[in-house]
Amino acid sequence: MAKKSLIGGNDLDHFDLAILDILQRDNATPQRIIGEAVNLSAPAVQRRIKRMEETGIIQANIAVLDPAKVGQPITLFVEVEVESERIDLIDAAKRSFAAAAEVQQCYYVTGEADFILVVIVASMTEYEALTRRLFFGNHNVKRFRTVVVMDRVKTGMTIPLK
């Protein structure tokens, strides 16, 4: 049996890491092909993938879309500063940001800003409506600052697995 190593609090061996590396690049790769690449049978690959899904290592199997090709060409980064850092108000902000479909990513951060949001919209008019709903309509938002993306040079969620 392959020696297991504790990575990120999870028992992952070199087979698991090799499987994850393939799936991150193309999660539609047939298990037979993955098995050939990592020297395991397709059923063994299937069991490992199922375990990693059940334990939350694999969080989703999704298609990555080109925002411009589906009518959402504008990407913005938004720094949000809140008035009060009471935990109930921070939790309310997290829920509000997470519920907005236009917010692709939301990070609770340290520094001058309290949150960094990645937002995708079809137009600046749509973004203005979002700001009214999320920021101007929220009495705990002290200020927000928007950075408009001019070119998506690199995007992705692939984690380097060495």
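J.: What is the right way to read the overall build of the protein from this model?
T.: On a plain count of helices and strands, the protein comes out with 5 helices and 6 strands. Going residue by residue from the N terminus, the α and β elements of the protein occur as β-β-α-α-α-β-α-β-β-α-β. The C-alpha radius of gyration computed for the protein amounts to 20 Å, which surpasses the reference 15 Å derived for 162 residues by more than 25%, pointing to a less compact arrangement than a globule. Principal axes of the C-alpha set define a box for the protein whose edges measure 55 × 40 × 20 Å. Here the contacts in the protein between residues at least 6 apart in sequence split such that 60% fall between residues at least 24 apart. Roughly 11,000 Å² of accessible area belongs to the protein as shown, and the carbon and sulfur atoms make up 55% of that amount. Where the 20 positive side-chain charges of the protein centre and where its 21 negative ones centre are 5 Å apart.

J.: I keep staring at the pairing of strand β4 (residues 103–108) and nothing clicks. Help me out?
T.: Pairing between β4 and strand β5 (residues 115–121): 5 bridges, direction antiparallel. Its bridge partner lying in β5, Val103 is registered against Val119. Linkage of β4 to β5, two consecutive antiparallel strands, is achieved through a turn of 6 residues, within which Gly111 is found at a positive phi near 105°.

J.: Which parts of the structure should I look at to understand the sheet that holds strand β3 (residues 74–82)?
T.: Either a parallel or an antiparallel arrangement is found when strands of a sheet pair, and the pairing is made through backbone hydrogen bonds. Here we have 4 strands laid out as an open sheet, ordered β4-β5-β3-β6, and antiparallel in their pairing. Edge strands, defined here as strands with exactly one partner in the open sheet, are β4 and β6 (141–148). Each neighbouring strand pair of the sheet contributes to a mean axis angle of 20°, computed without reference to strand direction. Pairing analysis gives 7 bridges linking β3 to β5, with the strands arranged antiparallel. By the bridge assignment, Leu76 is partnered in β5 with Val119.

J.: When you look at the nonpolar core in this model, what are you seeing that I'm missing?
T.: What tends to happen in soluble globular proteins is that the nonpolar side chains get buried as a cluster. Counting 19 residues, the largest nonpolar core has Leu117, Val119 and Phe135 as the members making the most contacts within it. Of all the secondary-structure elements, those providing two or more residues to this core are β3, α4 (87–99), β5 and α5 (124–136). The biggest single contributor to this core is β3, with 5 residues. Beyond its immediate sequence surroundings of up to four residues, Phe135 is in contact with Val78, Val80, Phe97, Leu117, Tyr127, Leu130, Val141 and Phe144. Among the nonpolar cores identified, the runner-up in size contains 15 residues, and Phe15, Leu17, Leu20 and Ile58 belong to it.

J.: Honestly, the packing of helix α2 (residues 31–38) against helix α3 (residues 42–54) in this entry has me stumped. Any pointers?
T.: Axis angle and axis distance: for two packed helices, these are the angle between their axes and the distance between the axes, and together they describe the pair. At a minimum axis distance of 8 Å, the contact between α2 and α3 shows a crossing angle of 100°. Classed by the angle they form, the pair α2 and α3 counts as roughly perpendicular. Contacts between α2 and α3 involve Gln31, Arg32, Ile34, Gly35 and Val38 on the former and, on the latter, Ala42, Val45, Gln46 and Ile49. Looking at the contact of α2 with α3 residue by residue, the classes come out as 5 nonpolar, 3 polar and 1 charged.

Rules behind the numbers
Residues numbered from 1 in each chain as written. Predicted model: local features only at pLDDT ≥ 70, side-chain atom pairs only at ≥ 80, totals over all residues. Heavy atoms only, no water. Helix = DSSP H or I, 4+ residues; strand = E, 2+ residues; numbered from the N terminus. Rg over C-alpha atoms; globule rule 2.2 N^0.38 Å. Contact = heavy atoms within 4.5 Å. Areas by Shrake-Rupley, 256 points an atom, 1.4 Å probe, with all protein chains shown as cover. Lys, Arg positive; Asp, Glu negative; His and termini not counted. Charge placed at Lys NZ, Arg CZ, Asp CG, Glu CD. Pairing = 2+ DSSP bridges. Axes fitted to C-alpha atoms, helices over the stretch in contact; angles between N-to-C directions. Core = buried A, V, L, I, M, F, W, Y, C linked by side-chain atoms within 4.5 Å. Buried < 20%, exposed > 50% of the residue type's maximum accessible area, 1.4 Å probe, protein only. Parallel < 35°, antiparallel > 145°, perpendicular 65-115°, else oblique. Nonpolar A, V, L, I, M, F, W, Y, C, P; charged D, E, K, R; others polar.

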